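Structural characterization, general
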Amino acid sequence: MIAEIDISLIDWSRAQFALTAIYHWLFVPLTLGLGIVQAIMETIYYKTGDEFWKKTAKFWMKIFGINFAIGVATGLILEFEFGTNWSNYSWFVGDIFGAPLAIEGVVAFFMEATFIAVMYFGWNKVSKGFHLTSTWLTIVGATISAFWILVANAWMQHPAGMHFNPDTVRNEMDSFWAVALSPVAINKFFHTVLSGWIIGGMVVAGISSWYLLKKRETKFALASIKVGVTFGLIACLLSMWTGDGSAMQVAEKQPMKLAAMEALYEGDNGVNLVGVGILNPSKKEYNDDKDPFLFKIDVPIPKFLSYLSFGKFNAYVPGIKDIIDGGYTTSDGSIALSALEKMRRGKLAVAALANYSLAKADSALFERRADSIKNAATAAESFAITSDGDTILLTSTELFAAKKADVYTRIAESRKQLNDNIKYFGYGYIKEPSDLIPPVALTFYAFRIMIILGGFLFLLFAISAYFSYKNKFETKRWLQWICLISILLAIIAGQAGWVVAEVGRQPWAIQDMLPTSAAISRLATSSVQITFFIFLALFTVLLIAELKIMINAIKKGPQINEQKN
Amino acid sequence: METIDIFLQNYWWFLVSLLGALLVFLLFVQGGQSLLFTIGKTPMQQKMLLNSTGRKWEFTFTTLVTFGGAFFASFPLFYSTSFGGAYWVWILILLCFVLQAVSYEYQSKKGNLLGTKTYKIFLLLNGILAPVLIGTAVGTFFNGAEFIVNKAQLSTVGNPVISSWATPWHGLEAAFVVWNVLLGLAVFFLSRVLALLYFINNINDDEIQKKSRKQLIIETVLFLVFFLTFFVHLLLQEGFAVDANKEVFMQPYKYFNNFIQMPVVLVVLLAGVVGVLFGIGKTILSAEWKKGIWFAGTGTVLTVLALLLCAGWNDTAYYPSLTNLQSSLTIQNSCSSRFTLKTMAYVSILIPLVLAYIVYAWRALDIHKITKKEMEENEHTY
């Protein structure tokens with residue numbers, strides 16, 4: 001038996017999950033975004049009967065299909081990795097976490113799988129209406145699946161609707177709706193799906209721009225751009241709104257993540273939002289009093305971070321040091337505990353669980369013995385019992401009763417100690433207060449990248465929409481170049497968003513409840529290293545194949561009769 | 001334990017078993033892949049084969065994912081113990097499904113990097129490995145696996161993992177138990193039998209029809225040899241039984257007794273076997289008859305359902321531990337809370353609706369059989 005879980009095992013398990021998630025998120029947003037675009041196009045075809053729109057929709061469906069398969073493949077790995085690499089997690093919260101995954105399968109995946117087949121192979125086999133419905137149901141299925149997996153993710157960021165059951169040694173769900181309709185889940189769903197729509201809109205605008213640059217497929221390209229940029233612009237606007245909601249939730253529920261996003265070490269009332277900045281690499285400790293920045297420019301709206309976080313310009317935003325030291329007043333009015341105090345309470349909770357389990361086992365012994373005592377044996381040795389690790393000779397029924405009462409007292413006491421400290425259970429596994437700080441630089445920069453690129457894409461969509469509706473897009477070659485390049489930027493923005501969400505919540509697998517170190521499977525580090533590199537090689541080869549196939553398909557083009565222009 | 005708990009646990013074992021049974025039926029897609037080069041001698045024939053079973057690959061895939069999700073939601077201790085412990089078996093299964101997911105779409109596309117042949121070999125690999133590995137893994141439901149579960153471990157800060165595997169092989173050791181492998185091979189040949197029946201039903205091509213009917217006899221014989229050996233042994237072997245104190249013990253003829261003590265399951269089993277044999281037999285005897293897949297397919301679902309029910313119902317440990325008998329998983333000690341099982345039971349009401357639209361969409365597409373003409377004309381083919 002391994003004496004202690006190896007740190008490298010935790011790191012490699014995380015690396016493998018991150019790898020799979022990053023690859024998965026290269027493909028899924030395009031599915032979510034492009035799925036809607038092609039459905040809109042087919043709807044236009046259905047309404048107008050214009051073959052042009054059928055061909056246009058079919059071209060984007062081809063791109064969708066090339067991308068879809070690999071999204072499915074990486075998704076399968078992600079689901080099963082909860083079991084293969086995070087087995088302790090799967091038991092500890094499987095009672096809650098398994099449900100959205102199962103619902104995703106039953107409600108969403110079958111819808112997707114069934115109707116995508118009709119979408120691709122049904123053109124000449126089913127009616128136009130049935131086909132259009134299938135195209136919509138494919139993307140509805142994909143979007144519902146995104147909802148349920150994001151419910152699961154949101155629950156890890158903000159666990160709700162459950163309680164800890166010491167008898168089964170796990171958390172158990174007590175409100176399905178608190179899990180499924182948690183405000184964090186709803187917000188995360190919209191913010192994430194919208195980011196997929198932005199990427200879908202950008203891909204359509206970018207690829208179409210390429211045709212314009214090559215002076216090919218002009219009618220197709222201009223029509224696609226109009227749909228793509230309108231869709232992207234709407235998605236951008238909505239995503240800013242949901243992003244704002246997300247910031248408020250992070251401020252309230254994951255203050256450490258917010259502090260890392262802003263590299264805010266010392267909190268204050270009325271804090272500015274950092275616009276751009278370069279972090280000071282010589283700052284090694286949260287409390288070394290070095291300036292965290294070499295250079296920074298705040299957003300010109302004063303006290304904007306306080307406002308974004310709590311809706312008040314003068315609100316107090318705690319920094320990393322404050323969260324570790326405690327003592328400030330939180331948004332709900334309570335005084336924040338220090339990290340050390342939380343860790344002390346966490347250790348009390350973990351110890352109480354151990355005591356509770358032992359006492360429970362003893363009580364079972366006493367219950368069993370009680371029967372045999374009634375059945376006559378009076379010899380002293382028949383009362384010998386091992387309780388709490390010691391063998392005790394129970395020489396009389398009175399003593400037996402007294403010891404039995406002791407056991408029940410132990411159960412009650414350990415239960416109370418557990419209940420009193422359960423909120424900090426996860427802190428019981430934390431070794432040092434500084435372990436509670438996520439990688440600040442990664443979180444800080446990823447957040448800036450997401451925000452800056454998001455703002456840029458908004459402007460790009462707005463300008464493109466303007467020229468598109470003025471029928472001037474075709475002549476703006478600089479804009480076409482920017483649109484083409486911005487496909488990559490949109491993808492980077494989406495990835496950066498996930499880095500903020502996932503790296504920013506470290507060390508927690510489930511916020512305050514279970515750190516990654518206690519969530520893993522007991523495997524040899526080398527096994528996980530091997531699978532990491534297998535997945536890395538496989539996904540990379542498949543990604544290259546995907547891109548090559550896609551580029552080939554794009555080069556071939558929709559081949560819509562050009563003389564219609 | 002209250003009646004509602006017993007009901008919910010048994011109900012969820014039934015649903016998981018049903019999903020497992022549907023998965024085995026849908027492995028006919030894999031069977032088709034493994035026969036790609038056996039039946040398909042020309043590129044056109046291979047194309048027709050790929051477009052026949054291939055257009056159903058997403059159903060198999062989705063059923064696997066849903067099977068995983070449903071198992072997670074209803075019996076999370078299995079999810080954590082088996083997946084985290086029998087690591088290599090599950091990773092291999094996952095890898096071969098990744099290959100499948102991309103291969104259909106990519107094999108015929110220009111610029112696919114690895115070449116058409118490589119993707120076809122990926123499909124062949126998935127076609128062989130998936131049924132063999134899944135069958136072998138299910139074999140451990142009857143023959144046990146090497147693990148320990150100790151929930152008290154959670155309070156050990158620094159080493160809180162509750163499930164651990166007792167061999168460094170992490171699941172691969174199951175392949176050294178002949179009875180597991182027999183089940184794996186039986187599932188493999190069954191998937192090929194079903195694929196042939198589906199080709200016969202779905203492809204309008206004389207040569208493929210003829211070849212499929214001929215190949216069917218060989219595959220059937222092999223399937224029967226492996227399945228019957230496994231099944232007879234199952235009836236005769238000691239099984240992992242649970243007593244009134246929830247202690248697991250070895251009971252002679254446990255699985256045989258399970259069928260006797262649960263006559264409904266026995267009837268399901270027999271109906272399934274008859275369905276499979278009838279579907280195959282009539283196809284072999286009647287040159288014009290093409291409906292074999294529906295009888296053999298339904299039969300497969302019923303048979304596998306009965307076998308899985310036999311593994312988990314009637315006080316049986318469905319995932320027995322050879323390392324520590326009392327670590328064995330039963331539907332009682334590994335299930336989710338009453339609240340979750342109940343909530344998910346409400347969700348399961350949707351399943352008939354899902355099945356209904358699958359059947360509807362499937363029929364809408366399958367009314368049109370696969371022909372050379374379609375392969376040449378249609379823009380979207382594999």
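These notes cover the structure that comes with them. (Residues numbered from 1 in each chain as written. Chains lettered and ligands numbered in written order. Predicted model: local features only at pLDDT ≥ 70, side-chain atom pairs only at ≥ 80, totals over all residues. Heavy atoms only, no water.)

**Some remarks on the overall build of chain B**
The helix and strand tally for chain B stands at 16 helices and six strands. Against the 2.2 N^0.38 benchmark of 21 Å for 382 residues, chain B shows a C-alpha radius of gyration of 21 Å, consistent with a compact globule. For chain B, the C-alpha atoms occupy an extent of roughly 65 × 45 × 40 Å along the three principal directions. Counting the 382 residues in chain B, one finds 63% classified as buried. Long-range contacts, defined here as pairs at least 24 residues apart, represent 76% of the contacts in chain B between residues at least 6 apart. Accessible surface computed for chain B: about 13900 Å², of which carbon and sulfur atoms make up 69%. For chain B, the centre of its 25 positive side-chain charges and the centre of its 20 negative side-chain charges are spaced 8 Å apart. (Helix = DSSP H or I, 4+ residues; strand = E, 2+ residues; numbered from the N terminus. Rg over C-alpha atoms; globule rule 2.2 N^0.38 Å. Buried < 20%, exposed > 50% of the residue type's maximum accessible area, 1.4 Å probe, protein only. Contact = heavy atoms within 4.5 Å. Areas by Shrake-Rupley, 256 points an atom, 1.4 Å probe, with all protein chains shown as cover. Lys, Arg positive; Asp, Glu negative; His and termini not counted. Charge placed at Lys NZ, Arg CZ, Asp CG, Glu CD.)

**Side note on the interface of chain B and chain A**
Quoted interface sizes are often the accessible area lost when the parts come together. Opposite the 80 residues of chain B that make contact, chain A presents 89 residues. When the two sides are added together, the surface that chain B and chain A hide from each other amounts to roughly 7600 Å², 74% of it contributed by carbon and sulfur. Counting across the chain B and chain A interface gives one salt bridge. Residue K125 of chain A is joined to E374 of chain B by a salt bridge in which the shortest nitrogen-to-oxygen separation is 3.4 Å. Connecting chain B to chain A are 19 residue pairs in polar contact (both at pLDDT 80 or more). Counting residues per element, the ones that place at least two in the side of chain B that touches chain A are α5 (57–74), α6 (76–85), α7 (87–107), β2 (163–165), α14 (338–347) and α15 (351–366) of chain B. Ranked by residues supplied to the side of chain B that touches chain A, first place goes to α5 of chain B with 14 residues. (Buried area = accessible area lost by both parts, 1.4 Å probe. Salt bridge = Lys/Arg side-chain N within 4 Å of Asp/Glu carboxyl O. Polar contact = N/O pair within 3.5 Å; in protein donor to acceptor, adjacent residues only side chain to side chain.)

**Focus: the nonpolar core**
Core analysis: the largest hydrophobic core is formed by 269 residues, its most contacted members being Y89 of chain A together with F75, F78 and Y319 of chain B. When residues of this core are assigned to their parent elements, the largest contribution, 20 residues, is made by helix α3 (residues 87–121) of chain A. Split by domain, this core shows at least three residues from each of two domains, domain 1 (7–254 + 438–556) and domain 3 (339–427) of chain A. Y286, A336, L436 and V440 of chain A belong to the second largest nonpolar core, which has 24 residues in total. (Core = buried A, V, L, I, M, F, W, Y, C linked by side-chain atoms within 4.5 Å. Domains from an automatic or database assignment.)

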